[in-house]
Protein chains: 2
Amino acid sequence: MASKHGFKKSPRDLLVVGQDFQLDRVESSAAPGFSGKKRDAEQLLADRARRLGVLQEQLFAESKFGAEKSVLLVLQAMDTAGKGGIVSHVVGSVDPQGVQLHAFKAPTDEEKSHDFLWRIQKEVPRHGMLGVFDRSHYEDVLIHRVHGWADEAELTRRYAAINDFEAGLNEAGTKIVKVMLQISPETQKERLSARLADPIKHWKYSPGDLTERAFWPQYMEAYQKAFEQTSTETAPWYVVPADKKWYARLAVQELLIDAFESMKLDWPKGDFDLATEKKRLAAS
Amino acid sequence: MASKHGFKKSPRDLLVVGQDFQLDRVESSAAPGFSGKKRDAEQLLADRARRLGVLQEQLFAESKFGAEKSVLLVLQAMDTAGKGGIVSHVVGSVDPQGVQLHAFKAPTDEEKSHDFLWRIQKEVPRHGMLGVFDRSHYEDVLIHRVHGWADEAELTRRYAAINDFEAGLNEAGTKIVKVMLQISPETQKERLSARLADPIKHWKYSPGDLTERAFWPQYMEAYQKAFEQTSTETAPWYVVPADKKWYARLAVQELLIDAFESMKLDWPKGDFDLATEKKRLAAS
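Criteria and thresholds
Residues numbered from 1 in each chain as written. Chains lettered and ligands numbered in written order. Predicted model: local features only at pLDDT ≥ 70, side-chain atom pairs only at ≥ 80, totals over all residues. Heavy atoms only, no water. Phe/Tyr/Trp six-rings, centres within 6.5 Å; stacked < 30°, edge-to-face > 60°. Helix = DSSP H or I, 4+ residues; strand = E, 2+ residues; numbered from the N terminus. Buried < 20%, exposed > 50% of the residue type's maximum accessible area, 1.4 Å probe, protein only. Pairing = 2+ DSSP bridges. Axes fitted to C-alpha atoms, helices over the stretch in contact; angles between N-to-C directions. Contact = heavy atoms within 4.5 Å. Least-squares fit on C-alpha atoms with pLDDT ≥ 70 in both. Buried area = accessible area lost by both parts, 1.4 Å probe. Salt bridge = Lys/Arg side-chain N within 4 Å of Asp/Glu carboxyl O. Polar contact = N/O pair within 3.5 Å; in protein donor to acceptor, adjacent residues only side chain to side chain. Expected span 1.5 Å × (residues − 1).

Student: Hey, could you go over the packing of aromatic side chains for me, with residue numbers and the actual values?
Tutor: As enumerated under the stated definition, the model contains 20 aromatic pairs over all chains in all. Taking the centre distance of 6.2 Å and the plane angle of 70 degrees together, the rings of Phe7 of chain A and Tyr247 of chain A count as edge-to-face. Separated by 240 residues along the polypeptide, Phe7 of chain A in the segment before α1 (11-15) and Tyr247 of chain A in helix α11 (residues 245-261) bring together distant segments of the chain. You can call Tyr247 of chain A buried: its relative accessible area is 0%. Ring geometry for Tyr223 of chain B and Phe227 of chain B: centres 5.9 Å apart, planes at 40 degrees, overall tilted. Note that Tyr223 of chain B and Phe227 of chain B are positioned in helix α10 (residues 216-230) at a spacing of 4 residues, about one turn of the helix. Overall, Tyr223 of chain B belongs to the buried group, its relative accessible area being 3%.

This is the structure:
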């Protein structure tokens, strides 16, 4: 392994959705750029968690002195692809005081009475925070496209609205990292089967999972379209092979570290006179 | 060590604020009920984190099937007592998807235009969640008493309002755990001094910390009054000696585990026909 992050080449370069990207050419069982084994990856994940933790604390610290910066991780994937694992194992290593997580469910009646971005805007991370969207505004161009809940003209409007929204966020200081975890339909079948086989996991299973599974090709098409329309320079998509959970976690961790590092963070100086405060404290 | 939790007697019994409790008799450097060393405590903290994680997941799972239960940890303390460490090291071991953390700062103008409980009620945990209040409605009977921002009649009203509010929460399924971390003024001095000595920690220091430090006796009196008025059977206070950070973390973790266990949680059964779903999956 060539570098401190254990990858031969940065996941940012390897996994980014650029021009001519084809989702159906992604090998979901691969581990691009990483030649180690599962055990190496787990060790590295634990080591790099400290780096991510320090960066997050710097972001938080800077915000206390007026910096208007944040990071937003957007997670999208088919069921069982491992969004939850990313949240618990990657985001979970960061101090909860610096994390703002929101899981978007089916919209409420109130949310439906607004434009689709209304409920999203309310949940963007505060300055200093790592925001995490478990599902997001992309549902409105994914499941909506798959089931025909929005027509082509409306979808076109939404792609543009998303790009404007994300460009605005970026301008205002939010670094956006959009991740799609890619598994194969066979992997999903195995994971659903494992849920059914273990009574402790039954609560995670819903018959609706199979209903959506039947639309797999349509979902892949909807993702492909979304990538073509919304993978921009300021808010690019990354497609992360996720049949190997340990690879997906390591890659997303590295994408986050990379995003934080691009912000040139540092420990802020205090806004007090050190000698004075030392004297005051001694006298107290 | 006599039991699975490593304490000779449950922290619930040792640390609870009962009748005749005197804050000034608490030995903040003690480790009640625990005879191990720091290293033992750290190992135990890591081990017991798994138990806490399972319990939290059960609470979350039950909520998916209609259970209306949650846990609320209320943290109060003087500056540097270690609230942040409890959040990062105890709460931080729990899956972020099951945690709802809110840090209460000085109220906004909008919040001040309502009764003091208005902003609190908005942040109570959803069903299935471990809610954490970093500071809370108790500020309104602590700093407000210390600085005379509320008179005796108003404070009396607030104690009663708090008891009604917490009794209602409890009735509605929220298990409340109220923790005050107790350090000595000398420990605070050392910790503030350490912050001033390390430029990386300067951002955590504010000259205002010393201003409040000067009111130490008044704060202790305000805590004593709050305990007398609001340590109830359904929402008792626990005073946790916190000069030893490792002890405070272990004790709070155990208080949480105890609270979860009192709720008799279990893995919910799925609401589907297993044979049918296995067939559907096989055919998919």
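Student: Quick rundown of the sheet that holds strand β1 (residues 70-77) of chain B? Include the residues and the values.
Tutor: All names here are of chain B. One open sheet accounts for 5 strands, arranged β2-β3-β1-β4-β5; its pairing is parallel. Across the chains shown, the open sheet's two edge strands, defined by having one partner strand only, are β2 (99-103) and β5 (237-241). The mean angle between the axes of side-by-side strands here comes to 20 degrees, regardless of whether they run parallel or antiparallel. Note: β1 against strand β3 (residues 130-134), 5 bridges, orientation parallel. The partner of Val71 across the bridge, within β3, is Leu130. Against the sheet, helix α7 (residues 152-171) contacts β1 and β4 (174-182), and its axis sits at roughly 130 degrees relative to β4.

Student: Break down the relation of the copies chain B and chain A for me, citing the residues and quoting the values.
Tutor: If you rotate chain B by 180 degrees and push it 0.0 Å along the axis, it lands on chain A with an RMSD of 0.0 Å. The two molecules are tied by a two-fold rotation axis, judged by turn and shift. Both copies contact each other with a shared surface, as 98% of the interface residues of chain B are interface residues in chain A too.

Student: Give a description of the interface of chain B and chain A that names residues and reports values.
Tutor: With 41 residues of chain B at the interface, the matching set in chain A holds 40 residues. Buried area between chain B and chain A, summed over both chains or domains, comes out near 3600 Å², and the portion from carbon and sulfur atoms is 68%. Looking only at chain B, the three residues that lose the most surface to chain A are Leu196, Trp203 and Leu281 of chain B, adding up to 20% of its buried area. Our count for the chain B to chain A interface comes out at 2 salt bridges. For Glu57 of chain B, the salt bridge identified is with Lys204 of chain A, shortest N-O distance 3.7 Å. Inspection of the region where chain B meets chain A yields 12 residue pairs in polar contact (both at pLDDT 80 or more). By residue number, the principal contributor to the side of chain B that touches chain A is helix α12 (residues 274-283) of chain B, which donates 6 residues.

Student: Before we move on, can you summarise the sheet that holds strand β5 (residues 237-241) of chain A with the specific residues and values?
Tutor: Residue and element names in this part refer to chain A. Spatial ordering of the open sheet is given by β2-β3-β1-β4-β5, a layout of 5 strands whose pairing is parallel. Each edge of the open sheet carries a strand with a single partner, namely β2 (99-103) and β5. Between one strand axis and the next, the sheet turns through 20 degrees on average, direction left out of account. Against the sheet, helix α7 (residues 152-171) engages β1 (70-77) and β4 (174-182), with an angle of about 130 degrees to β4.

Student: Lay out helix α8 (residues 185-197) of chain B in plain terms, naming residues and giving numbers.
Tutor: Two residues of an α-helix separated by three or four positions point the same way, owing to the 3.6 residues in each turn. For α8 of chain B, spanning 13 residues, the distance from its first C-alpha to its last is 18 Å, which sits close to the expected 18 Å at 1.5 Å a residue. The set of residues buried in α8 of chain B consists of Thr187, Gln188, Arg191, Leu192, Arg195 and Leu196 of chain B. The inward-facing, buried residues of α8 of chain B abut α12 (274-283) of chain A together with α9 (208-213), α10 and α11 (245-261) of chain B.

Student: Report on the pairing of β4 of chain A, specifying residues and quantitative values.
Tutor: Residues and elements named next belong to chain A. The element β4 is largely enclosed, with a buried count of 8 among its 9 residues. Pairing between β1 and β4: 8 bridges, direction parallel. Looking at the pairing, Leu75 lines up with Val179 of β4. Summarising the sheet, β4 and β5 pair through 5 bridges and their orientation is parallel. Counterpart to Val179 in the pairing with β5 is Tyr238.

Student: Tell me what's going on with unusual backbone geometry, and back it up with residues and numbers.
Tutor: Non-glycine residue Asp20 of chain A carries a positive phi angle of around 65 degrees. Looking at the secondary structure, you find Asp20 of chain A in the loop between α1 and α2 (38-64). Despite not being glycine, Lys264 of chain B shows a phi value in the positive range, around 55 degrees. Residue placement: Lys264 of chain B occurs in the loop between α11 and α12. Overall, Lys264 of chain B belongs to the exposed group, its relative accessible area being 68%.

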